[in-house]
Amino acid sequence: MIYRIANKDLTVEISSKGAELQSIKEIDGTEYLWQGNPVYWSDRALNIFPYVARLTQGKYQLNGQEYQMNIHGFVCTAELAVEEKTEDRIVFALHADEDTRVQYPYEFVYRICYALEGKKLSITFSVENKDDKTMYFGIGGHPGFNVPLEAGAKFEDYYLEFSRGCKPVRIGFSEDCFVTGQNTPYQLEADRRLALHHGLFDDDAIVFQDMDKEITLKKADGGKSVTVTYPDMKYLGIWHMPKTDAPYVCIEPWSSLPSRKNVVEDLAVQPDLIHLEGHKTYENEWKISIL
């Protein structure tokens, strides 16, 4: 089912499947969110939990047992219930059930809240650990944005710009998108800017650490832009379907990384995963702003 929240500036639509954004539309009718096309990428804005991206052999270990899990976890394919709804705010929830326990042996409630304030959409991930034992997980977002955003412009007119100068490190990935440990400094233009062109993604995603925590999609002569702010995410992925002329770019705030190459991870010791003690709640807010 599709739900809608709105204010005088924006209308946002969200599907109950995966609590996935379906539309971010300005009052003048401009659509900012990628609308999905199987030629390039049929999704629009996946929510990621309890694991970011790929597991080696599609499996992991925990407490001496082995579990299977698909890419980006199970929230993105689950049906979430609406817990709260007002004109400009909505909260979705997924409670642990038989399907989740097969993949992830915890009692939990995953929530995602979308709230509008002017031209800002805040997204708050919340994980409540209902167990006595510590949970280990990753979390993140995977929204795609239309490029270009205006008629008459082209993909190469746009760039991504951090709000302040930084010297990010690019995470090293294998050809099949697992972590290699071979990280390298990434030189931005003026320590802030990354010009867009389709060849950027021929080797799949660019994933940064040690970057600034706000980035804007824009073009040199002004016009419409999108800013993503992610103060509590350690990593940022930038992606479109490799070796295509896909008319979108994904800006993906992540808390953690995929599996290491050829390593079936033990979640209890994998670096960067969130450790949530029993009967505690974790929250992480990030924002999409239309400018």
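The structure presented is a predicted model; accordingly, all values stated were derived computationally and were not measured.

On to the overall build of the chain. The helix and strand tally for the chain stands at one helix and 23 strands. A globule of 291 residues ought to have a C-alpha radius of gyration of about 19 Å, and the chain, at 19 Å, matches this closely. Projected onto its principal axes, the C-alpha positions of the chain cover 55 × 45 × 35 Å. Buried positions account for 56% of the 291 residues belonging to the chain. Look at the contacts in the chain between residues 6 or more apart in sequence, and 65% of them connect residues 24 or more apart. For the chain, the accessible surface area stands at approximately 12700 Å², while carbon and sulfur atoms represent 45% of it. Side-chain charges in the chain split into 31 positive and 45 negative, and the spacing between the mean points of these groups amounts to 3 Å.

Applying the stated criterion across every chain, the model contains zero disulfides. Note on Cys 166: no disulfide assigned, nearest cysteine sulfur contributed by Cys 250 at a separation of 20 Å. Taking the relative accessible area as the measure of exposure, Cys 166 reaches 10% and is therefore buried.

Before going further, it helps to spend a moment on the side chain of His 142. Note on placement: His 142 falls in strand E12 (residues 140-146). Look at His 142 and you get buried, because its relative accessible area is 5%. Discounting chain neighbours no more than four positions away, the residues touching His 142 are Trp 41, Arg 44, Ala 45, Leu 46, Ile 48, His 72, Trp 239, Cys 250 and Glu 252.

Judged by pairing direction, the sheet is antiparallel, and its nine strands sit side by side in the order E7-E8-E9-E10-E23-E19-E18-E13-E16 without closing on themselves. What marks the edges here is a single partner per strand, and that holds for strand E7 (81-85) and strand E16 (193-195). Mean inter-strand twist for the sheet, computed between neighbouring axes without regard to direction, equals 20°. The sheet contact formed by strand E19 (residues 226-229) and strand E23 (residues 281-290) spans four bridges and is antiparallel.

A separate point is the pattern of salt bridges. Applying the stated rule across the entire model yields 22 salt bridges. Residue Glu 128 pairs with Arg 111 through a salt bridge whose shortest N-O separation is 3.1 Å. On the criterion of sequence distance, the pair formed by Glu 128 in strand E10 (residues 120-129) and Arg 111 in strand E9 (residues 108-117) is long-range, its members being 17 residues apart. With relative accessibility at 22%, the residue Arg 111 sits in the partly exposed group. Through salt bridges with shared partners, one network takes in Glu 26, Asp 28, Lys 119 and Lys 224.

Sheet architecture is open: seven strands sit in the order E4-E12-E21-E20-E17-E14-E15, paired in antiparallel fashion. Two strands lie at the open edges of the sheet, namely strand E4 (45-48) and strand E15 (184-185), each paired on one side alone.

Applying the stated criterion across every chain, the model contains one cavity of 30 Å³ or more. As for the largest cavity, its lining consists of Leu 21, Ala 45, Leu 46, Asn 47, Tyr 114, Ile 123, Gly 141, His 142, Pro 143 and Trp 286. Contributions of two or more residues to the lining of the largest cavity are made by E4 and E12. Split by residue class, the lining of the largest cavity holds seven nonpolar, three polar and no charged.

A word on the packing of aromatic side chains. For the coordinates displayed, the defined rule picks out 22 aromatic pairs. Measuring from ring centre to ring centre gives 6.0 Å for Phe 49 and Tyr 104, while their planes differ by 80°; the resulting arrangement is edge-to-face. Here Tyr 104 lies in the loop between helix H1 (98-103) and E9 and Phe 49 lies in the loop between E4 and strand E5 (59-62), a separation of 55 residues in the sequence. Taken individually, Phe 49 and Tyr 104 each receive the classification buried, so the pair is uniform in this respect. Following the ring pairs from residue to residue traces out a cluster consisting of Phe 49, Phe 74, Tyr 104, Tyr 106, Phe 108, Tyr 110, Phe 125, Phe 137, Tyr 282 and Trp 286. Looking at Lys 133, its charged tip hangs above the ring of Tyr 106, at a distance of 5.2 Å from the centre. Across the ring face of Tyr 159, the terminal group of Arg 193 is positioned such that the distance to the ring centre comes to 4.0 Å.

In this structure, Ser 256 sits in the loop between strand E21 (248-254) and strand E22 (274-276). On a C-alpha basis, the gap between Ser 256 and Tyr 51 in space is 8.1 Å, while along the polypeptide they are 205 residues apart. When residues no more than four places from it in sequence are discounted, the contact partners of Ser 256 are Val 52, Gly 138, Tyr 235, Asp 272 and Leu 273.

Our next topic: the environment of Ser 15. Looking at the element boundaries, Ser 15 is found in strand E2 (residues 10-15). A relative accessible area of 11% means that Ser 15 is categorised as buried. Separated by 77 residues in the primary sequence, Ser 15 and Phe 92 place their C-alpha atoms 9.9 Å from one another. When sequence neighbours within four positions are dropped, the list of residues in contact with Ser 15 reads Met 1, Ile 2, Glu 20, Gln 22 and Phe 92.

Rules used throughout
Residues numbered from 1 in each chain as written. Predicted model: local features only at pLDDT ≥ 70, side-chain atom pairs only at ≥ 80, totals over all residues. Heavy atoms only, no water. Helix = DSSP H or I, 4+ residues; strand = E, 2+ residues; numbered from the N terminus. Rg over C-alpha atoms; globule rule 2.2 N^0.38 Å. Buried < 20%, exposed > 50% of the residue type's maximum accessible area, 1.4 Å probe, protein only. Contact = heavy atoms within 4.5 Å. Areas by Shrake-Rupley, 256 points an atom, 1.4 Å probe, with all protein chains shown as cover. Lys, Arg positive; Asp, Glu negative; His and termini not counted. Charge placed at Lys NZ, Arg CZ, Asp CG, Glu CD. Disulfide = S-S within 2.5 Å. Pairing = 2+ DSSP bridges. Axes fitted to C-alpha atoms, helices over the stretch in contact; angles between N-to-C directions. Salt bridge = Lys/Arg side-chain N within 4 Å of Asp/Glu carboxyl O. 1 Å grid on protein atoms, 1.4 Å probe; cavity = no way out; pocket = protein on both sides within 12 Å on 5 of 7 lines; lining within 4 Å. Points joined across faces, edges and corners; volume = space filled by probe spheres on them. Nonpolar A, V, L, I, M, F, W, Y, C, P; charged D, E, K, R; others polar. Phe/Tyr/Trp six-rings, centres within 6.5 Å; stacked < 30°, edge-to-face > 60°. Lys NZ or Arg CZ within 6 Å of the ring centre and 35° of its normal.

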